[in-house]
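The primary structure of each chain is shown beneath.
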2 protein chains.
Amino acid sequence: MKLSALKKVFVGRPLPTAQARHERLSKRTALAVFASDALSSVAYATEEILLILVGAGAVALAYTIPIGIAISILIVVVASSYRQTILAYPQGGGAYIVTKDNLGTLPSLVAGAALLVDYVLTVAVSVAAGVAAVTSAFPVLFNHRVLLGVLCITLIATANLRGIRESGALFALPTYLFIVSFAGMLGYGYIRWALGWEMPPPEHAATATHAVTVFLLLRAFSQGCTALTGVEAVSDGVPAFKPSEARNARIVLAVLALILVTLFMGITFLARHYHVLPAAEETVVSQLAHQIFGGGLLYYEIQAVTMMILVLAANTSFADFPRLSYFLARDGFIPRQFGTRGDRLVFSNGILILGGTAAVLIIVFGGDTHRLIPLYALGVFVSFTLSQSSMVRRWLTRRDEGWWWRSWLNGIGAATTGLVMLVIAWTKFLDGAWIVALLIPVLVMGFLVIRRHYGDVARQLSLEGYALLPPVQNTVLVLVGDLHKGVVAALRYAQALSPSARAVYVELDPDRTRRLEEKWGKWGLGVPLAVLTSPYRSLLTPFLDYVNHLLALGPNHVVTIVIPEFVPARWWQHLLHNQTALLIKGALLFRKRVVVVDVPFHLEE
Amino acid sequence: MKLSALKKVFVGRPLPTAQARHERLSKRTALAVFASDALSSVAYATEEILLILVGAGAVALAYTIPIGIAISILIVVVASSYRQTILAYPQGGGAYIVTKDNLGTLPSLVAGAALLVDYVLTVAVSVAAGVAAVTSAFPVLFNHRVLLGVLCITLIATANLRGIRESGALFALPTYLFIVSFAGMLGYGYIRWALGWEMPPPEHAATATHAVTVFLLLRAFSQGCTALTGVEAVSDGVPAFKPSEARNARIVLAVLALILVTLFMGITFLARHYHVLPAAEETVVSQLAHQIFGGGLLYYEIQAVTMMILVLAANTSFADFPRLSYFLARDGFIPRQFGTRGDRLVFSNGILILGGTAAVLIIVFGGDTHRLIPLYALGVFVSFTLSQSSMVRRWLTRRDEGWWWRSWLNGIGAATTGLVMLVIAWTKFLDGAWIVALLIPVLVMGFLVIRRHYGDVARQLSLEGYALLPPVQNTVLVLVGDLHKGVVAALRYAQALSPSARAVYVELDPDRTRRLEEKWGKWGLGVPLAVLTSPYRSLLTPFLDYVNHLLALGPNHVVTIVIPEFVPARWWQHLLHNQTALLIKGALLFRKRVVVVDVPFHLEE
């Protein structure tokens, strides 16, 4: 009762099913809703590239711009591919569904596992980066970043358990504020640069500890590919657009890609111009904002909108993860509990698992974005590759209008993302990508085991060809240790179940048996009393022998064991009583044709 | 099943009640059985005195001998008092029983609480000191003393769970070996001294950090009083002696006191002569043995017998604690579970609690004897004082032959031990005695609360004046969510319970209801199906409303809820199914007149 009251305070009152509805989004709102995940990665992508290159000194840092350009091209390729998916799947084309449709079950499970892993990482990375934005502005908080991260996840999860409306207002303000603020900061930075108001500080690159190898450059590229995470969000959510859905979604995706490339390249160019290098306790974006704005209000505004967009990005996963879980549960690949909505019309189990796992990641990796990044992006590119390959297959099979050039376009997308996937797996393997590379097949195996179990259960429970059995022969036994009000209540109940109910007593001490038999004449309600002897003081063994004897009478015989149990008024009083009922239940839990019934007798104090 | 097999390997097969018997002990064997606890304290008592005095420099160390003499006098006084108790209680005179007999319940509970605490400390201190004897001989083990201590307690507890016979052989060899070895070492030490074979090393007392105050001397005395622990054991075990029991017990107690004083004073004198001072990693006894025997075999023999006698002392508590628990449980002051013997005729619960608590003490205090000692002895002296006061009361009430001088003798015992009790509480309060001083009243309060609860329960369950109620009106409901073999099994069972059983279905989705109703016609066994609507998707609320409605029919109405539950073949498969049965049970656990019955359907794979 208390627990449910607590739940009401934090989670809110239950909502009736009839309230489940969706609002349709205008292009402007849709951009805000779907952009946060993709745009938020500009907060860390440039920094992660620099972090790899800086180890190889000033020569290596010169490669920052080319790598940024390569990533921008990749963004354009992926966005173009997904614009095709939107066309083909106006009902929403998540990688799991698209792959299942075109490549079959096993590839779709790989996509599903990759996405689940990535949603968890999106939450962990976004929250860690959001906390880094805050601790850059307020360095005293730096040592508390694990705590801040966990608190932040708890808040987002709680909000989602209450059921956030996908309302434009919530998303629109921070997202547009972020776009305007970053565009403003970058524009002002370029003006200062163009007008030559100041000389950038000299480069302080540490002496190189690594050589500039192809591997190093590919690793920097892989780290930067985190910029692409979230680009697929628009194609998942086509049905949320106002009509005509597909057309509007394609426009929004193109605009999103444009903004993403602009902000990402803008930050990358300026970071090089100002010779900003990664530092342990301050993010690259924070250093850049310091350079451009000094330490004033505008600096704090940049940190605040960075934090907000990252929280929104994390929040996106709290819609995506439960939705994918729902699909997987519906198809029987994960426990059914993920397929049912909770009191507040949200998929509570998915939200709890996602929040819990992300919080564990934050704790294990010390809330450090840099240590989480190597795990990130691999899953995204696995799902990109599978999704684009599915589209190729689809064009080739269906041969719709323009199939040949469309299949080429998606083919380029599939080949590019597949190649990048391999590069990421190779260059980040030892840094942590191995965890994801291991986890995806393990999850897929789990999905298959669960699917098989549900199949087995359905087969065993099926009434197909089931022959009706003769009625059950039920023997009702009351297990007694004494005769008091609680036992009398059990005897009365047993008589209601069966007029031939009998009581069974296991004798540990002949004197007590004699006293019990005396009482029985007066209060036993006429129920016959069987006394079993127990040479080893075991309550259980003689009783089980007796039950076995009854079960041996035939396959339709069932034994119902009624146990008088008193329910103390306070929890600690349970410790003061022999847990006989529990013991008997434990012993009979796996016995067939045995039913145990507690008859509670409620104590008042 | 596996658990019980494991239990058989470590604890042994159950023993029949008929095997419960006791052997009677000769004086020689009885001395071995009852001496270990008392004699073992010579392994640390001298060291604890020196440890306090050394802080006040060489001047203070001169007080070692007078303090030793005072403690020896105390031993004689206490032993003389207890020889009277033996005379008065030939059936065994533990402090709890003697106090209950003469001073009433509350004082007896104080004695009981003090003894329980002290038994735990006897185990912890003896094992810590035994491990110290081993690590003195093998310093490499010093850093593993917590582990060694816990292992040692586990071994003793396991042996006791198997049921050690109180066989003379087990105790006689180590006890006599200890007495002979220590007597030999001391004798040889005195001969070397007398013959002047060597000069003792010069005294290395560190510069004094404390002044020699009365408080310091009393503290040293208090620490040394641990030598008295275990002296009372003989009077507890009088019935185990061969006839005439009391006479033999009195002789054994006198001999025990003589040996104890001899060994304790012998070690104290020699330790002073050889200027042995406490060291962190080697015990005083070990240093003494090194001085007298060098590092040869005889040195290791002394360490080995020290370890053995200390293990025996710890073992004594494993007989005493469960026995006292049995008395307390029989009188209703602690949970009844302590009053029943286990499979192997031992009081398993007492053994487990004792071993567990002592192991926790070893872990919390880092296995360090010196840190445990301040907690020790206070409980013993509380029970000494209460026991001796009881005897005074007894003589004054009964006026048996010689009552006036006997009451004086016990009066001196009571006054002396009472005074020492206050001294111990005062001087060791901040070092840890406060824990015991706090714990004893808390335990006594717990005893009283438990006693009251059992009284309340007995009153509520009593059939005294109970009017027979009319027969129960039982309504049998089967809660169904689908129709499959498991549900059919539950329906068949429900029909055996009541011909008017009905099924209840909570509708979450009207389509499913329609499909269920179609199936029901074919497989529903003619059981009527009630469909309840649920606007908030809650399974529970509409169902509970329905149940409440049935209960409102009258005070004799009972609702039996049959829940079909399938039992998966493997534990992890439980996670794949909604735990509806558990949920319903949780919601109805505290409801009166509601009985929940699971009907298991066993899955094969």
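Quick note: structure is the one above.
Residues numbered from 1 in each chain as written. Chains lettered and ligands numbered in written order. Predicted model: local features only at pLDDT ≥ 70, side-chain atom pairs only at ≥ 80, totals over all residues. Heavy atoms only, no water.

A. Representation of the sheet that holds strand E1 (residues 473-480) of chain B within the structure. Residues and elements named next belong to chain B. Strand order in the open sheet formed by five strands is E3-E2-E1-E4-E5, with parallel pairing between adjacent strands. Looking at which strands have only one partner, the edges of the open sheet turn out to be strand E3 (529-533) and strand E5 (594-602). Neighbour to neighbour, the strand axes of the sheet diverge by 30° on average, direction disregarded. Direction of pairing for E1 relative to strand E4 (residues 557-567): parallel, over a ladder of six bridges. Across the sheet, the residue bridging to Gln473 is His557, located in E4. Most of the contacts of helix H21 (residues 510-523) go to strand E2 (residues 502-507), to which it runs at about 160°, and overall it touches E1, E2 and E3. (Pairing = 2+ DSSP bridges. Helix = DSSP H or I, 4+ residues; strand = E, 2+ residues; numbered from the N terminus. Axes fitted to C-alpha atoms, helices over the stretch in contact; angles between N-to-C directions. Contact = heavy atoms within 4.5 Å.)

B. Main features of the packing of aromatic side chains. All names here are of chain A. Tallying each qualifying case throughout the model produces 20 aromatic pairs over all chains. Between Tyr326 and Phe327, the aromatic rings sit 5.8 Å apart at their centres with planes inclined by 55°, giving tilted as the arrangement. Residue Tyr326 is classed as partly exposed on the basis of its relative accessible area of 27%. Considering the side-chain rings of Phe381 and Phe384, the 5.1 Å spacing of their centres and the 75° angle between planes classify their relative orientation as edge-to-face. Remark: Phe384 and Phe381 occur in helix H17 (residues 378-398); sequence separation between them is three residues, near one turn of the helix. Exposure class is identical for Phe381 and Phe384. Each is buried. One aromatic cluster in this structure is built from Tyr82, Phe381 and Phe384. (Phe/Tyr/Trp six-rings, centres within 6.5 Å; stacked < 30°, edge-to-face > 60°. Buried < 20%, exposed > 50% of the residue type's maximum accessible area, 1.4 Å probe, protein only.)

C. Region of interest: the pattern of salt bridges. Within the structure shown, the criterion is met by 16 salt bridges over all chains. Here Arg330 of chain B and Asp331 of chain B are joined by a salt bridge, their closest N and O atoms 3.6 Å apart. The salt bridge involving Arg514 of chain B is made with Glu518 of chain B; its shortest N-O contact spans 3.8 Å. Here the residue Arg514 of chain B and the residue Glu518 of chain B both occupy positions in helix H21, the gap between them amounting to four residues, near one helical turn. Sharing partners across several salt bridges, the network here consists of Lys100, Arg330 and Asp331 of chain A. (Salt bridge = Lys/Arg side-chain N within 4 Å of Asp/Glu carboxyl O.)

D. Quick look at the relation of the copies chain A and chain B. When chain A is fitted onto chain B, the two copies agree to an RMSD of 0.1 Å after a turn of 180° and an axial shift of 0.0 Å. Here the symmetry operator amounts to a two-fold rotation axis. (Least-squares fit on C-alpha atoms with pLDDT ≥ 70 in both.)

E. Broad picture of empty space enclosed by the protein. Residue and element names in this part refer to chain B. Under the defined criterion, the tally for this structure stands at two cavities of 30 Å³ or more. If you go around the largest cavity, the residues you meet are Asp37, Leu115, Asp118, Tyr119, Thr122, Thr229, Gly230, Glu232, Ser317, Asp320 and Val380. Put simply, the parts of the chain that give the lining of the largest cavity at least two residues each are helix H7 (105-137) and helix H14 (297-330). Looking at the lining of the largest cavity, the element that brings in the most residues is H7, giving four residues. (1 Å grid on protein atoms, 1.4 Å probe; cavity = no way out; pocket = protein on both sides within 12 Å on 5 of 7 lines; lining within 4 Å. Points joined across faces, edges and corners; volume = space filled by probe spheres on them.)

Remember that the coordinates give geometry; whether it matters functionally is a separate question.
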